[in-house]
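Structural overview
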Amino acid sequence: MKIAVSAQSNSLEGTVDPRFGRAAGFVLFDSESNNVEFVDNVQNLNAPQGAGIQAAQNVLNSGADVVISGHCGPKAFKVLTTAGTQIIVAPAGAQVKAAIDDFLAGKLQPADSADVEGHWV
C-alpha cells in the first residue's frame, strides 16, 4: 500500500503539513517495500485557485492508496475519494512517521467528509 503524507519537509522525521493542496510536498511511503519518496508540490504553493485539485491529481499519479494530511478541502476530497483513495486527518503537529505508524496500527480512521472549506489557508 502506498501512503502519501502532506509534509512540511522531505523526510519521515518531518511534520505533517496541516494543508493538503498547499503542502510543501508529499512523503510517499510504500508499506510493502518500506521505500520512501518525496513528491514536490511547489507548483501549488502560490496558486490562486485549484491547488487542492492539482495536488490531489499529483498524489493519484504517484499511485497513493491513502492520503494523510492535517486537513482536506471539499474539492480535493471529492477528487481523491472518487478515485477510491482514503483520506486520513492527522492530529495537529504529528510527525510523518508517527502518523503512518498510527494509521497502519488502526489508530487513525478515514474521514467521511472534507474538514475545511475551500481556499482554506
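Now for a look at the structure at hand.

Definitions and cut-offs
- Residues numbered from 1 in each chain as written.
- Predicted model: local features only at pLDDT ≥ 70, side-chain atom pairs only at ≥ 80, totals over all residues.
- Heavy atoms only, no water.
- Pairing = 2+ DSSP bridges.
- Helix = DSSP H or I, 4+ residues; strand = E, 2+ residues; numbered from the N terminus.
- Axes fitted to C-alpha atoms, helices over the stretch in contact; angles between N-to-C directions.
- Core = buried A, V, L, I, M, F, W, Y, C linked by side-chain atoms within 4.5 Å.
- Buried < 20%, exposed > 50% of the residue type's maximum accessible area, 1.4 Å probe, protein only.
- Contact = heavy atoms within 4.5 Å.

This part covers the sheet that holds strand β4 (residues 66–69). Judged by pairing direction, the sheet is mixed, and its five strands sit side by side in the order β3-β2-β1-β4-β5 without closing on themselves. Edge positions in the open sheet fall to β3 (36–40) and β5 (86–89), since each of these has one partner strand only. The mean angle between the axes of side-by-side strands here comes to 25°, regardless of whether they run parallel or antiparallel. Here strand β1 (residues 2–7) runs beside strand β2 (residues 25–30); their pairing, made up of six bridges, is antiparallel. Note that in β2 the partner of Val5 across the bridge is Val27.

Ile3, Val5, Val16, Ile68, Val96, Ile100 and Phe103 are the most contacted members of the largest nonpolar core, which totals 17 residues. For this core, the secondary structure elements donating two or more residues are β1, β2, β4 and α3 (96–104). Per-element accounting of this core gives the leading share, four residues, to α3. With near-sequence residues (within four places) excluded, Ile68 lies in contact with Ile3, Ala4, Val5, Ser6, Ile88, Ala90, Ala99, Ile100 and Phe103. In this structure, Ala4, Phe26, Ala55 and Ala56 belong to the second largest nonpolar core, which totals 15 residues.

With respect to the helices and strands, the residue Asn41 is situated in the loop between β3 and α1 (51–61). We classify Asn41 as buried; its relative accessible area is 0%. The residues touching Asn41, leaving out its near neighbours within four places in the chain, are Phe20, Gly21, Arg22, Ala23, Ala24, Gly25, Phe26, Ala55 and Asn58.

Bear in mind that shape data such as this cannot, by itself, settle questions of function.
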